[in-house]
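# Coordinate analysis (summary)
The lines below spell out each chain.
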Amino acid sequence: MISSLRGLAAAVRSIGPRLTHPTMYRASRDSWSQEGEDLILARFMEPRTSGFYVDVGAHDPFRFSNTAYFYRQGWSGLNIEPDPQGARMLRRYRDRDITLNIGIGSAASSMTFFRFNEPALNTFSPELARARTGLNGYSIVEETAVAVDRLDAVLEKHLPAGQQIDFMTVDAEGLDLTVLQSNDWSRFRPDIVVAELLNAPSLDVADQPAVRFMSGAGYRPVAKAANSVFFAVNELSL
């Protein structure tokens, strides 16, 4: 028994350096996104250690957030959130960020915003609001008018002068294509764009309207989560 223990101890000593070598193991990273989008983004952003993001439909400073991971790493950005409660929380916990309590649309106007008892379901889309009402106990708690503007107009007004956008994330609950179409992609050109595509469960997304639009803007799909597609600007080497 003693000889066996001595043999085991010797074996452990011999492999100990390999088990504890700092380059062999990497600590896991916490994800704040709904489907791990932030960790996919983190991979694409390497080796950048700081940067600037635009979060359209930011929702919450932490919950289901594609940017919380980066904020906690020292990044900052511009949050656009039409829900007043969500915008208040973002301003409270993201003091380095710029947070706007508005929506994005095809033109400057006002639109009806449907607020649910589950804030992640809030939407400007009447069709989506009707489809979600009653499902799993979800219900509309308020319909309110919210100011909206084109994305390019918002960036023109609120983006810091000369600021490059490292990545943009768009989660507009059914109106993501409208948001993408409202940007001037020749002026405001993030390296990576993440857009929610609710009706694209397959890996084959070539025929999706948002994918076709982004292709015309000079972006190609490079990754996919369950309900999100990642686009990289064509000139970016990954």
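You'll find the structure just up there.
Residues numbered from 1 in each chain as written. Predicted model: local features only at pLDDT ≥ 70, side-chain atom pairs only at ≥ 80, totals over all residues. Heavy atoms only, no water.

## Describing the packing of aromatic side chains
Rules: A pair of aromatic rings is counted whenever rings of Phe, Tyr or Trp (Trp by its six-membered ring) have centres within 6.5 Å, and the orientation is called stacked for planes under 30 degrees apart, edge-to-face for over 60 and tilted otherwise. Only protein chains enter the accessibility calculation, which uses a 1.4 Å probe; a residue is then buried when its area is under 20% of its type maximum, exposed when over 50%, and partly exposed in between. Only when the NZ of Lys or the CZ of Arg is both within 6 Å of the ring centre and within 35 degrees of the ring normal is a charge said to sit over the ring.
Under the counting rule described, the total for this entry stands at 10 aromatic pairs. Seen in terms of ring centroids, Tyr 69 and Phe 70 are 5.3 Å apart; in terms of plane orientation they differ by 85°. Their pairing is edge-to-face. One exposure class covers both Tyr 69 and Phe 70, and it is buried. Residue placement shows Arg 96 over the ring face of Tyr 71; its charged tip is 3.9 Å from the ring centre.

## Regarding the sheet that holds strand β6 (residues 140–149)
For clarity, the cut-off: Whether two strands pair depends on DSSP finding at least two bridges between them. Counting from the N terminus, the helices are DSSP H or I runs at least four residues long and the strands are E runs at least two residues long.
Pairing within the open sheet is mixed, and its 3 strands lie in the order β4-β6-β5. Edge positions in the sheet fall to β4 (103–104) and β5 (109–116), since each has one partner strand and no second. Bridge analysis of β4 against β6 gives 2 bridges, and the strand direction is parallel. The residue of β6 that forms the bridge with Gly 103 is Val 148.

## Considerations on the side chain of Glu 37
Heads up, the condition is: Two residue types count as positive, namely Lys and Arg, and two as negative, namely Asp and Glu; His and chain ends fall outside the count. In what follows, salt bridge is the name for a side-chain nitrogen of Lys or Arg lying within 4 Å of a carboxyl oxygen of Asp or Glu. Contacts are residue-level and defined by heavy atoms, with any inter-residue pair within 4.5 Å sufficient.
Locating Glu 37 in the fold gives a position in helix α2 (residues 37–45). Lys 224 is the oppositely charged side chain nearest to the buried, salt-bridge-free Glu 37, at an N-O distance of 9.1 Å. Once residues within four sequence positions are removed from consideration, Glu 37 is found in contact with Asn 66, Ala 225, Ser 228 and Phe 230.

## Let's talk about the sheet that holds strand β3 (residues 98–100)
For clarity, the threshold we go by: Whenever a helix is involved, its axis is fitted only over the stretch in contact; in every case the axis is a line through C-alpha atoms, and angles between N-to-C directions fall within 0 to 180 degrees.
In spatial order, the strands read β3-β2-β1-β7-β8-β10-β9; together these 7 strands make up an open sheet with mixed pairing. Across the chains shown, the open sheet's two edge strands, defined by having one partner strand only, are β3 and β9 (219–224). Mean inter-strand twist for the sheet, computed between neighbouring axes without regard to direction, equals 15°. As defined by bridge partners, strand β8 (residues 192–196) adjoins strand β10 (residues 228–233) across 5 bridges and the pair is classed as antiparallel. Looking across to β10, one finds that Val 194 is bridged to Phe 230.

## Considerations on α2
Each α-helix turn comprises 3.6 residues. Residues three or four places apart therefore point the same way. Rules: The arc under discussion is defined with respect to the helix axis, by the directions toward the C-beta atoms.
If you check which residues of α2 are buried, you get Glu 37, Asp 38, Leu 41, Ala 42, Phe 44 and Met 45. Down the axis of α2, the buried set is contained in an arc of 165°. They therefore lie on one face. In this structure, the buried residues of α2 make contact with α3 (68–72), β7 (167–170), β8, β9 and β10.

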